[in-house]
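Below are the chains, spelled out letter by letter.
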Amino acid sequence: MAKRQLFIFVIFLFLSCTGFSQHADSVKARKNYYSLTAGVGWAHYINSLEIGKDNATINSIGISLKFFWEPEHRLSLGLESGFYRLYKVKLKSIAEASGQATMSAIPLLLVVRMRIVDHFYLSVGGGMALMFNKVTGIDNKVTSNILSMSNYQCSGSYLYPLSKHWQVGGEFKVLNFGKASDWMYSLQALCAVRL
Amino acid sequence: MKPNLIALAILLIALCGCSKDTTVPIPSAGPNSIMEETHPLNNASKIMMEGVYKVASGADFFGDYVIVKWNRTNLSISNKDGKHFILDVGHLDTVVFLQGYWRNGYSDGTGLVQMYIPRNEGGTRILTGQGDQKIAIYGAYGKEEALPDQAFELEYLRPFSDIAKNSNFYILAHRAGGRTSDKLPVSENSIAMINYTEKLGSTGIEVDVRMSKDGVPYIYHDGDLNTRLTQKGPLAGPSENYTWAQLTTFVRLIHGEMIPTLEEALNFTIDSTLLRFVYLDMKGDVGTMAKVIPIQKLALERAQKKGRDIKIVVGIPSTDVLNDLMTYPNYTSIPSLCELSVDDVHAVNSMVWAPRWTLGTQNELVQQMHSEGRLAVCWTIDQPSWIKDYLENGIFDGLLTNFPYVVAYYHYIQ
């Protein structure tokens with residue numbers, strides 16, 4: 001009987017040790033992060049208009065917002081959105097009424113980002129974009145929404161860590177909106193937080 | 001290595017696919033023109049040139065026979081596989097000179113053509129009505145912008161048959177006369193295209209009718225504004241989203257023309273062309289019909305005042321449009337073209353039945369339409385072999401096509 005109790009105690013001891021070995025280290029080393037990055041800056045539309053080319057305003061403020069899953073590897077996967085005004089064109093109608101047409105876009109892109117060296121990243125992404133075409137000044141205000149299905153971006157960014165959670169930096173990106181073959185580039189200041 | 005080469009090839013194909021050549025340039029003789037001091041032909045002389053010709057030299061490129069036919073402005077020559085000529089003609093004394101270009105409608109092939117009819121081989125007969133029936137046209141054709149250097153010679157074979165001459169057959173050209181994608185020098189669904197299409201052999205047109213946000217019917221094919229049909233501009237999305245003033249301010253067709261209103265298109269067709277049939281293909285939403293019918297009525301009245309024998313019919317491509325038409329008072333008296341069933345034709349008393357070409361020649365039903373005093377036309381038939389088959393074995397009153405010169409060839413060579 002004593003032998004049997006001793007055997008059960010030894011088995012329990014082994015299981016206990018095995019179980020303890022599955023516990024996290026006393027020093028926590030978290031290897032997966034989620035991060036949120038916001039950017040704002042100058043956006044420039046590469047003017048490919050044939051109608052109103054000389055009457056187009058092609059510089060504006062661009063905003064971006066990115067959510068990344070950052071595993072321990074160099075690659076991160078994320079979603080990017082934002083708001084860009086591509087151009088504003090002012091023209092006069094046959095009746096000499098002055099009107100303006102504005103094209104803006106909200107992209108929604110799946111983005112892959114790679115850390116090249118410390119703090120420096122390259123990313124590419126593709127996805128859809130909702131484009132807003134607004135006309136004012138001639139007849140009633142008209143807004144036409146267009147879904148663009150093939151859109152791309154590539155960018156290079158630098159993020160300097162301020163603390164364990166906060167990073168700041170800058171980004172240069174090129175965006176393509178496929179619906180009307182529109183291209184633009186943007187230089188933005190970034191602020192990122194690791195969640 | 002092989003996958004890399006395949007990837008490179010795909011990339012090159014994709015890049016080449018992005019090319020936006022919207023037109024095949026029309027070759028010009030420039031300082032080498034032979035037309036400088038020539039005088040225009042009168043109508044009697046023009047008619048004397050028309051007929052079926054044998055290709056005595058150049059048959060390897062243009063085939064054995066061509067048809068020679070005058071249109072409102074030019075002399076057109078068509079062969080069986082899409083090669084066609086658009087020529088200016090003039091005379092000096094009793095020698096007739098021809099100059100222009102050839103184009104292959106199924107490819108980008110083109111070139112300059114310069115020809116003449118000697119005095120004693122048809123020139124005298126064409127200009128005076130006297131002399132030998134024989135007409136021989138000598139000359140040469142070139143390729144691209146090069147001067148003509150390939151021998152081309154035609155011999156008059158016979159006049160058009162009575163069937164070809166006397167029938168009321170309609171050669172209907174798509175999108176107001178031709179598609180932008182066929183790299184024509186003018187944009188589809190434009191006034192310029194309506195003015196151009198007779199050079200291709202058309203005797204009627206189909207136009208695509210839409211309605212602006214403020215209720216102005218205009219002609220434009222696609223569902224949205226795009227760089228396939230328009231110059232890149234600040235508007236995008238469905239053209240119906242915008243008012244007419246906004247469209248005229250911000251949109252130009254691919255060759256720079258303005259989108260025409262339906263009224264402008266019909267008035268130009270009546271006033272400035274010899275086209276005999278206009279098919280209004282209703283692309284717009286329900287409610288468009290109520291705006292289009294009064295314009296159709298005014299256009300028919302205008303044509304009648306000018307003594308123009310022209311049919312202008314509203315198209316019924318779907319049951320939605322059919323139901324839209326049936327809400328209109330006295331809808332059975334409105335000249336219409338129904339693409340649906342024979343029963344639907346009867347329901348709205350359509351003037352024309354227009355089945356899809358893939359349904360076959362349907363001679364019995366076409367015969368039934370004829371016996372009821374209606375016309376039957378078929379859409380949209382583009383392959384030369386099918387065009388030949390439908391003209392030889394069918395009894396349609398017209399064919400809608402993107403290649404009117406091919407239909408012209410097989411119609412006039414009957």
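J.: What exactly am I supposed to notice about the pairing of strand E6 (residues 120-136) of chain A here?
T.: Side-chain positions along a regular strand alternate between the two faces of the sheet. Residues and elements named next belong to chain A. Summarising the sheet, strand E5 (residues 98-117) and E6 pair through 17 bridges and their orientation is antiparallel. Bridge assignment links Ala-105 to a residue of E6, and that residue is Met-131. Hairpin connection from E5 to E6: two residues lie between these consecutive antiparallel strands, with His-119 at a positive phi of about 70 degrees. Two elements, E6 and strand E7 (residues 142-161), share 15 bridges in a ladder whose sense is antiparallel. Considered in E7, the bridge of Gly-125 is made with Gln-153. A loop of five residues connects E6 with E7, the two strands running antiparallel in sequence, and Gly-137 in this loop sits at a positive phi of about 95 degrees.

J.: Just to check I follow, could you spell out the side chain of A:Ser93 for this structure?
T.: Along the chain, A:Ser93 falls in the loop between strand E4 (75-92) and E5. With a relative accessible area of 7%, A:Ser93 lands in the buried category.

J.: Is there a simple way to think about the interface of chain A and chain B in this case?
T.: By convention, interface size is frequently given as the accessible area that disappears when the constituent parts associate. Every contact between the two is made by 27 residues of chain A and, on the other side, 22 residues of chain B. Taking both partners together, chain A and chain B bury about 1900 Å²; carbon and sulfur atoms supply 61% of that area. Among the residues chain A hides against chain B, the three largest losses belong to A:Glu50, A:Ile51 and A:Val142. Together they make up 29% of the total. Taken together, the connections running from chain A to chain B amount to two salt bridges. As a salt-bridge pair, B:Asp224 and A:Lys179 come within 3.2 Å of each other at their nearest N and O atoms. Applying the counting criterion to the chain A and chain B interface returns twelve residue pairs in polar contact (both at pLDDT 80 or more). Contributions of two or more residues to the side of chain A that touches chain B are made by E4, E5, E6 and E7 of chain A. In the side of chain A that touches chain B, the residues fall into 14 nonpolar, eight polar and five charged.

Thresholds, definitions, all that
Numbering of residues starts from 1 in every chain and runs along the sequence as written. By the order in which they are written, chains take letters starting at A while ligands take numbers starting at 1. Predicted model: local features are reported for residues with pLDDT of at least 70 only, side-chain atom pairs are reported and counted for 80 or more only, and whole-chain, interface and lining totals are derived from all residues. Each side-chain value is derived from all of the structure's non-hydrogen atoms; neither hydrogens nor water enter the calculation. If DSSP finds at least two bridges between two strands, the strands pair. A run of H or I in DSSP counts as a helix once it spans at least four residues, and a run of E counts as a strand once it spans at least two, with each numbered from the N terminus. Using a 1.4 Å probe on the protein chains alone, a residue whose accessible area is under 20% of its type maximum counts as buried, one over 50% counts as exposed, and one in between counts as partly exposed. By the convention used here, residues are in contact when the closest approach between their heavy atoms is within 4.5 Å. Note on definitions: buried area is the accessible-area loss of two parts on being combined, 1.4 Å probe, summed for both. When a carboxyl oxygen of Asp or Glu is within 4 Å of a side-chain nitrogen of Lys or Arg, the pair counts as a salt bridge. Here a polar contact is recorded for every N or O atom pair within 3.5 Å, except that within protein the pair must consist of a potential hydrogen donor and a potential acceptor, and residues adjacent in sequence are included only if both atoms are side-chain atoms. Under the scheme applied, nonpolar residues are Ala, Val, Leu, Ile, Met, Phe, Trp, Tyr, Cys and Pro; charged residues are Asp, Glu, Lys and Arg; polar residues are all the others, including Gly.

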